[in-house]
Amino acid sequence: MPETMDNDRWSMISAVFGTLLVIGTLLLIWSQLQRIEARADRIYAQAVLVQLELDSLEKEMLALEGVLRAAREQRGEGAARIEVGGIRYSEDEIRRLESELRGFGDIIAVKRKTLAALNRSKASVLLDLQILFWGSLFSLLVGVIAAALGYLSWFHKVRIFRDRRHGPRAEDLQAFEEAPGPR
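This structure is a prediction, so every number in the text was calculated from the model and none was measured. (Residues numbered from 1 in each chain as written. Predicted model: local features only at pLDDT ≥ 70, side-chain atom pairs only at ≥ 80, totals over all residues. Heavy atoms only, no water.)

Secondary structure summary: the protein contains three helices and two strands in total. Seen in sequence order, the protein has helices and strands lined up from the N terminus as α-β-β-α-α. A separation threshold of at least 6 residues defines the contact pool for the protein, and within that pool the share at least 24 residues apart is 75%. (Helix = DSSP H or I, 4+ residues; strand = E, 2+ residues; numbered from the N terminus. Contact = heavy atoms within 4.5 Å.)

Here it is, written out as structure tokens:
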């Protein structure tokens, strides 16, 4: 009788442990998905904004280069006034545009580095999702197996690991005695 109670105790422990492991894993998955989703939203929104800023800066830089190229051509022709696209520029304005062009190059380089860092962050979000998937899959499998074996053993008195240290069980001896044989 003590062996039956001990076996029932291990069955209950296995069933409760498996159930708690499954519930805990599901709660962990839910909370981690919430965290990863918020992080991914933030990263993707920042990446879109940086990409838009980078595109507009590059277009503006191209426009400035066009103005400065036309101004150089007019200087080479010896024009007194510099007019590009119907707009007149003084020499001071041309120098200011040249310094702005150098500043745009620096800003664009910073934006490209920022975009590269955000792309690495996107990769880390994917890695976090993969780790969460495989870890939770393993945990769920262990929990379901422990719970199923525990409940089956507990409720149906299935003896999965029989104790054979003290000799054969009475059920085993009865099976040999009742076996039909040649008479």
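Grouped burial of nonpolar side chains is what soluble globular proteins tend to show. Counting 25 residues, the largest nonpolar core has Val84, Tyr89, Ile94 and Leu97 as its most contacted members. Looking at this core element by element, the count peaks at 13 residues for helix α1 (residues 2–77). Ignoring any residue separated from it by four or fewer positions in sequence, one finds Leu97 in contact with Leu64, Val67, Leu68 and Tyr89. (Core = buried A, V, L, I, M, F, W, Y, C linked by side-chain atoms within 4.5 Å. Buried < 20%, exposed > 50% of the residue type's maximum accessible area, 1.4 Å probe, protein only.)

With respect to the element layout, Ser139 can be found in helix α2 (residues 91–156). With near-sequence residues (within four places) excluded, Ser139 lies in contact with Leu21 and Thr25.

All right, on to the pattern of salt bridges then. For the structure shown, the criterion picks out five salt bridges. Where Glu53 meets Lys111, a salt bridge forms, and the shortest distance between an N and an O atom there is 2.4 Å. Taken together, the residues Glu53 in helix α1 and Lys111 in helix α2 connect sequence positions 58 residues apart. Here Arg112 ties to Glu58 by a salt bridge, and the two come within 2.6 Å at their closest N and O atoms. You can see Arg112 sitting in helix α2 and its partner Glu58 sitting in helix α1, a full 54 residues away along the chain. (Salt bridge = Lys/Arg side-chain N within 4 Å of Asp/Glu carboxyl O.)

Further remarks concern the environment of Tyr44. Checked against the element boundaries, Tyr44 lands in helix α1. The spatial distance from the C-alpha of Tyr44 to the C-alpha of Asn119 is 8.9 Å, given a sequence separation of 75 residues.

On to the confidence of the model for the protein. In the predicted model, the protein carries a mean pLDDT of 83, and the fraction of residues at 70 or more is 79%. Ranking the elements of the protein by mean pLDDT puts helix α3 (residues 170–178) last with 59 and α2 first with 90. (pLDDT = per-residue confidence, 0-100.)

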